[in-house]
Amino acid sequence: MFDVAPTELLLVVVVALVVIGPRDLPKAMRFVGKWLGKARGMARHFRAGLDTMMREAELEELEKQWREQNEAIMREFPRLDDDAPATPTGITPPPAQSADADKSEETGPGEPETHIVPPRGEALP
């Protein structure tokens, strides 16, 4: 932040030693240290506030983009009523099969089912 060379810092210490005196120099250094600490704390707080504002602005921008994309998708694929079939245009749904056809497909023709689970509360066969 501040470009202070070691020779410049030594010159400041020597001038402070001559002007303030060796007896009051520790008190003055503590005073300066406290003020530097407060200044750094305020700078840190300010920087954190700016970072928070930048993050919120980015989030608002991303949310706006998301809303626009969502609206574009909803316009392209409008919500269907419960009465209408839920298939895209040009695609026909597969033919409906009965429950018996599903069972025969799983077990094969003429094979008995071996994995029947009785309902709760009934005795086993």
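Now for a description of the structure that goes with this document.

### Brief notes about the packing of aromatic side chains
Turning to step 1, where the next piece is worked out: The final tally for this structure, using the stated rule, is one aromatic pair.
Turning to step 2, where the next piece is worked out: Here Phe-31 and Trp-35 contribute two aromatic rings whose centre-to-centre distance is 6.2 Å and whose plane-to-plane angle is 65°, an arrangement assigned as edge-to-face. Of this pair, Phe-31 and Trp-35 both sit in helix α2 (residues 25-76), separated by four residues, roughly a single helical turn.
Turning to step 3, where the next piece is worked out: On the basis of relative accessible area, Phe-31 is assigned to the exposed category, the value being 52%.
Turning to step 4, where the next piece is worked out: Sitting over the face of the ring of Trp-35, Lys-38 holds its NZ or CZ atom 5.1 Å from the ring centroid.

### Re the pattern of salt bridges
Turning to step 1, where the next piece is worked out: Counted by the stated rule, this structure contains two salt bridges.
Turning to step 2, where the next piece is worked out: A salt bridge links Arg-23 to Asp-24; the nearest nitrogen and oxygen atoms lie 4.0 Å apart.
Turning to step 3, where the next piece is worked out: Note on Asp-24: relative accessible area 31%, which makes it partly exposed.

Quick notes on the rules
Residues numbered from 1 in each chain as written. Predicted model: local features only at pLDDT ≥ 70, side-chain atom pairs only at ≥ 80, totals over all residues. Heavy atoms only, no water. Phe/Tyr/Trp six-rings, centres within 6.5 Å; stacked < 30°, edge-to-face > 60°. Helix = DSSP H or I, 4+ residues; strand = E, 2+ residues; numbered from the N terminus. Buried < 20%, exposed > 50% of the residue type's maximum accessible area, 1.4 Å probe, protein only. Lys NZ or Arg CZ within 6 Å of the ring centre and 35° of its normal. Salt bridge = Lys/Arg side-chain N within 4 Å of Asp/Glu carboxyl O.

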